[in-house]
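# Chain and residue survey
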Amino acid sequence: MAEEKTFRLNKVTKEFNVGIHTIIDFLAGKKIEAEASPNAKITEEAYRLVAKEFGNELLIKEAAQNVDIPKLRDVAEVAVPQKEDAAAAKELNIKVTSADVFQPIVEKPKLKVVGKIDLDAGKKAK
């Protein structure tokens, strides 16, 4: 006798990039009962219904993983025109507006010492 294949709800939610309660609510609408626990199992039939309904979420997830987002630090180093670039542009007779030339703020804020606390002020020497 062949056993029916089951799928853990936690794996299904990760696969289709949707929440547990979203899947539970969807299955409840299809008159299929499932426990709202990550360790709960759903049948192969329920899995096929979820795959049909949320398959486009899987495509969106895969597309999002392929997007290359540069780090903010890399963008600041590459995309910010410097004053030297503006001087070179003037030599080449390229019109540069003041909005095109700016310096990134890379200076870290410095601490200002306002006062000192004497930790030994309350103690008396014995």
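Below is a summary of the structure that appears in this document. All figures in this text were calculated on a predicted structure; none of them were measured in a lab. (Residues numbered from 1 in each chain as written. Predicted model: local features only at pLDDT ≥ 70, side-chain atom pairs only at ≥ 80, totals over all residues. Heavy atoms only, no water.)

### Some thoughts on the nonpolar core
Rule in force here: Side-chain atoms within 4.5 Å link the members of a nonpolar core, which is a set of buried Ala, Val, Leu, Ile, Met, Phe, Trp, Tyr and Cys residues. Using a 1.4 Å probe on the protein chains alone, a residue whose accessible area is under 20% of its type maximum counts as buried, one over 50% counts as exposed, and one in between counts as partly exposed. We count a stretch as a helix when DSSP gives it H or I for four or more residues in a row; a strand needs E for two or more, and each element gets its number in order from the N terminus. Any two residues whose heavy atoms approach within 4.5 Å at even a single point are treated as in contact.
Val12, Phe16, Ile23, Leu27, Ile42, Val50 and Phe54 are the most contacted members of the largest nonpolar core, which totals 15 residues. Put simply, the parts of the chain that give this core at least two residues each are helix 1 (9-16), helix 2 (20-29) and helix 3 (44-65). If one sorts the elements of this core by residue count, helix 2 sits on top with five residues. Beyond its immediate chain neighbours, meaning those up to four positions away, Val12 contacts Phe7, Ile23, Ile42, Tyr47 and Val50.

### A closer look at the packing of helix 1 against helix 2
Two numbers describe a pair of packed helices, the interaxial angle and the distance between the axes. Applied cut-off: Axes, fitted as lines to C-alpha atoms, cover a helix only where it is in contact. Angles between the N-to-C directions of the axes lie from 0 to 180 degrees. In this scheme, roughly parallel covers angles under 35 degrees and roughly antiparallel covers those over 145, while 65 to 115 is roughly perpendicular and the rest are oblique.
Following both chains from N to C, one finds helix 1 and helix 2 inclined at 105°, their axes separated by 9 Å at the closest point. Taken together, the axes of helix 1 and helix 2 are roughly perpendicular relative to one another. Where helix 1 approaches helix 2, its residues Leu9, Val12 and Thr13 are matched on the opposing element by Ile20, Ile23 and Ile24.

### Looking at unusual backbone geometry
Excluding glycine, residues mostly have negative phi values, and the peptide bonds linking residues are mostly trans. Unlike most non-glycine residues, Asn17 shows phi in positive territory, near 60°. Take Asn17: it is sitting in the loop between helix 1 and helix 2. Looking at Asn17, the relative accessible area reads 45%, which means it is partly exposed. Phi angles above zero are rare outside glycine, and Lys31 is one such case at about 65°. Its place among the elements puts Lys31 in the loop between helix 2 and strand 2 (41-43).

This is a description of form; function is not addressed.
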